[in-house]
Amino acid sequence: MEGKIKDIKLADKGQRKIEWAREHMPVMQALREKYSDSNPLEGARISGCLHVTKETAVLVETLVAAGAQVAWSGCNPLSTQDDVAAALYKKGVPIWAWHGMNTEEFYWAIEKTIEQKPTMTLDDGADLIFTLHNNHPDIAKQVYGGSEETTTGVHRLRSMAADEALLYPVIAVNDAETKWDFDNIYGTGQSSIDGILRATNILLAGKNFVVAGYGHCGKGAAMRAAGMGANVIVTEVKPTAALKAKLDGYRVMPMDKAAEIGDVFITATGMKDVIVKSHFEKMKDGAIVSNTGHYDCELNLNHLNELTTDKKEIRDNCIQHKLKSGKNIHLLGEGRLVNLVAAEGHPSEVMDMSFANQFMSMMRILNSKDSMENTVYDISQEQDQEVAELKLKTMGIDIDELTKDQLRYQNAYNEGT
Ligand code: RBV
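Each chain has its residues counted from 1, running along the sequence as written. For a predicted model such as this one, the threshold for reporting local features is a pLDDT of at least 70, and the threshold for listing and counting side-chain atom pairs is 80 or more; totals across whole chains, interfaces and linings nevertheless cover every residue. For side-chain calculations, the full set of non-hydrogen atoms in the structure is used, while hydrogens and water are omitted.

J.: Can you help me understand the overall build of the protein in this one?
T.: The numbering of helices and of strands both runs from the N terminus, where a helix is a DSSP run of H or I of at least 4 residues and a strand a run of E of at least 2. When you go through the protein residue by residue, the secondary structure sums to 18 helices and 16 strands. Just to be clear, the radius of gyration here is over C-alpha atoms, and the globule rule we use is 2.2 Å times residues to the power 0.38. Against the 2.2 N^0.38 benchmark of 22 Å for 417 residues, the protein shows a C-alpha radius of gyration of 22 Å, consistent with a compact globule. Along the first, second and third principal axes, the C-alpha set of the protein runs to 70 × 65 × 45 Å. Relative accessibility thresholds used throughout: buried, under 20% of the residue-type maximum; exposed, over 50%; partly exposed, between the two (1.4 Å probe, protein chains only). Taking all 417 residues of the protein together, the buried fraction comes to 55%. Taking as baseline every contact in the protein between residues at least 6 positions apart, the subset at least 24 positions apart corresponds to 71%. Any two residues whose heavy atoms approach within 4.5 Å are treated as being in contact.

Right, dumping it as structure tokens:
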């Protein structure tokens, strides 16, 4: 069997987790039922680089049920759930992923998935696409297309497309309404708070909770922290986003000021060096710092380490840094995605829609590969509405439909008062 995981003995536990996720992902179940007889992905070789979670396992199962040949690696060294990886391996999925892999092992795992010479790629953060482009342009040129799950990845791929550096078309799953309005807001919001609480068990009510970045993810974290009684402070660089945060009822100020009064910090910007030495120096004794952005560069950990005289693990995923000044700062999840490192990532119900978009993107690439150009494509309006409609249906919710007369009115320009 091809692959490398931590421990096959964890497979049964992983299997139970996957069953739980499946029950909470009815759209994925509907897709599986629809396509498992006709096998429309027959002959497709899909290499995936995406967090190995119970939800991802449901996506993998669905791709396999539709006929695809799949090879998988994780997209973050600390997000792999070893029991889920073991369950996938036991089912016969070639998978190279374990919790705590180092950087060299991380890229080795991606290389292993490239050995199957993929016809399609499925990324979260674009590390697989980059590795293919940098190390195997010959294989990349044969790839029909790929999809990208997250904001950071899409951002970089759009830069590549602008430089005409893309060797195959990519679909920006992240930018779908049924992805970022749900996964990024409600998924990140809940799971990031979940991660912070599992790592600290602090009371959020009454705390100053600093959110850096008020995009979809920051908005979700702010909303959920406020809902638990925290005083939310937002830091931003974009005027419109700062204004939205202010009108949503939060305090807005520069990080220099927020650093002095924050009890808990979470970065959600996609930018590096959001919290640096001068901020760590200003923080209160006992401050808690975390990140929910894709890469671990938002908190400058070199700076934190330079200020540190002693470190100890206080709880799982919570390291106490004793600073030269005598203060303590607590770092959660090594500055990596706190929701996936200290908790289990986004809940299944939102991943249901994100991964339905992933599945449909694979189908779209296979069906339209001959007409697609080497650029970044958005998900179509039709697909967005289809996913939302399916989700509503599984929730037992009916909605209204426009009448013929209303449809006519919608496009008329000659009717006034
Ligand atoms: N994410 N996946 C999960 N439970 O499988 N949780 C979060 C899961 C994805 C999410 O879609 C986001 O865009 C990405 O992780 C960030 O790397």
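J.: I'm lost on the pairing of strand β5 (residues 120-123) in this one. Help?
T.: In the case of a regular strand, side chains alternate between the two sheet surfaces. The alternating pattern of β5 places M120 and L122 and T121 and D123 on opposite faces, both of which are buried. Here strand β2 (residues 45-49) runs beside β5; their pairing, made up of four bridges, is parallel. Note on β5: the bridge partner recorded for S47 is T121. Paired strands, as defined in this entry, are two strands with at least two bridges between them according to DSSP. Summarising the sheet, β5 and strand β6 (residues 145-148) pair through four bridges and their orientation is parallel. Each residue of the ladder has a partner; that of L122, found in β6, is S147.

J.: I would appreciate a short explanation of the nonpolar core in the present structure.
T.: Looking at soluble globular proteins, one finds that nonpolar side chains tend to be buried together. Definition used in this section: a nonpolar core is a set of buried Ala, Val, Leu, Ile, Met, Phe, Trp, Tyr and Cys residues joined via side-chain atoms within 4.5 Å. Judged by nonpolar contacts, the single largest core of 52 residues is most densely connected at L41, I46, L63, W72 and I95. For this core, the secondary structure elements donating two or more residues are α1 (11-23), α2 (26-35), α3 (54-65), β3 (69-73), α4 (82-90), β5, α16 (348-368) and α17 (381-394). The greatest single-element share of this core, amounting to ten residues, is contributed by α16. In contact with I46, other than residues within four places in its own chain, are L41, L63, A68, Q69, V70, A71, Q116, M120, L122 and M362.

J.: I would appreciate a short explanation of a negative patch on the surface in the present structure.
T.: Patch criteria: residues need more than 30% relative accessible area and no salt bridge. Like-charged residues are merged within 9 Å; nonpolar side chains of Val, Leu, Ile, Met, Phe, Trp and Tyr are merged within 5 Å. Per-residue and other accessible areas were derived by the Shrake-Rupley procedure at a 1.4 Å probe size, with only the shown protein chains allowed to occlude residues. In the sections that follow, a salt bridge refers to a side-chain nitrogen of Lys or Arg positioned within 4 Å of a carboxyl oxygen of Asp or Glu. The charge count includes Lys and Arg as positive and Asp and Glu as negative, but it does not include His or the ends of the chains. A charged residue contributes its charge at one atom only: NZ of Lys, CZ of Arg, CG of Asp or CD of Glu. There is a patch of like negative charges on the surface, built from E386, E389, D400 and E401. If you trace the backbone, E389 turns up in helix α17. For E389, a relative accessible area of 55% puts it in the exposed group.

J.: Before we go on, may I ask you to explain the pattern of salt bridges in this structure?
T.: Side chains bearing opposite charge may pair, as long as their charged atoms lie close to each other. Tallied over the entire structure, the rule returns 23 salt bridges. The residue E61 makes a salt bridge to K91 at a minimum N-O spacing of 3.4 Å. Placement of E61 in helix α3 and of K91 in the loop between α4 and β4 (95-96) is noted, with a sequence separation of 30 residues between them. For E61, a relative accessible area of 8% gives the class buried. Measuring nitrogen to oxygen at the nearest pair gives 3.0 Å for the salt bridge that ties D352 to K391. Taken together, the positions of D352 in helix α16 and K391 in helix α17 put the pair 39 residues apart, joining distant regions of the chain. By relative accessible area, which is 0% here, D352 ends up buried.

J.: It is not clear to me how the site of the ligand should be interpreted in this structure. Could you clarify?
T.: Within the structure, the ligand sits among 15 residues, and H51, T53, E149, K179 and D183 are positioned closest to it. N or O atoms within 3.5 Å of each other form a polar contact, as long as, within protein, one can give a hydrogen and the other can take it, and as long as residues adjacent in sequence are counted only when both atoms are side-chain atoms. Taking E149, its side chain carries an N or O atom lying 2.5 Å from an oxygen atom of the ligand. Against a free-state accessible area of 410 Å², the protein chains account for coverage of 96% of the ligand. Of all the secondary structure elements, the ones that give two or more residues to the shell around the ligand are α3 and α9 (177-200). When residues are sorted by character, Ala, Val, Leu, Ile, Met, Phe, Trp, Tyr, Cys and Pro go into the nonpolar class, Asp, Glu, Lys and Arg into the charged class, and all the rest, Gly among them, into the polar class. Grouping the amino acids of the shell around the ligand by side-chain chemistry returns two nonpolar, seven polar and six charged. Note on definitions. A residue lies near a molecule or strand when any single heavy atom of the residue is within 4 Å of it.

J.: How do you make sense of the sheet that holds strand β8 (residues 208-212) when you look at a structure like this?
T.: Read from one edge to the other, the open sheet built from eight strands follows the order β10-β9-β8-β11-β12-β15-β14-β13, with strand pairing classed as mixed. The sheet terminates laterally at β10 (251-252) and β13 (308-315), the two strands that pair on one side only. Bridge analysis of β8 against strand β11 (residues 264-267) gives four bridges, and the strand direction is parallel. By the bridge assignment, V211 is partnered in β11 with I266.

J.: I would appreciate a short explanation of α4 in the present structure.
T.: A turn of α-helix holds 3.6 residues, and therefore any two residues three or four places apart point the same way. By the criterion of burial, α4 is predominantly enclosed, with eight of the nine residues buried. Turning to α4, its buried residues are D82, D83, V84, A85, A86, A87, L88 and Y89. Packed against the buried residues of α4 are β1 (3-4), α1, α3 and β4. A positive phi of about 100 degrees marks G92, the residue just after α4.

J.: What is the right way to read the sheet that holds strand β7 (residues 170-172) from this model?
T.: Strand pairing in a sheet relies on backbone hydrogen bonds. The paired strands run either parallel or antiparallel. Taken in spatial order, the eight strands make up an open sheet running β1-β4-β3-β2-β5-β6-β7-β16, and their pairing is parallel. Strands at the two margins of the open sheet, each flanked by one partner only, are β1 and β16 (376-378). Examined bridge by bridge, β3 and β4 share two bridges and lie parallel to one another. If you follow W72 over to β4, its bridge partner there is I95. Lines fitted to C-alpha atoms define the axes here, with helix axes fitted over just the stretch in contact, and angles between the N-to-C directions of these axes take values from 0 to 180 degrees. Most of the contacts of helix α6 (residues 127-135) go to β5, to which it runs at about 135 degrees, and overall it touches β2, β5 and β7.

J.: So what exactly am I meant to see when it comes to the packing of α6 against helix α8 (residues 151-162) here?
T.: Angle between the axes and distance between the axes: these two values describe a pair of packed helices. Packing of α6 against α8 brings their axes to within 10 Å, and their N-to-C directions diverge by 30 degrees. Contacts from I129, F130 and H133 of α6 reach α8 at R156, L157 and M160. Taken together, the residues of the contact of α6 with α8 break down into four nonpolar, one polar and one charged.

It is worth stressing that arrangement in space is one thing and function is another; only the former is reported here.
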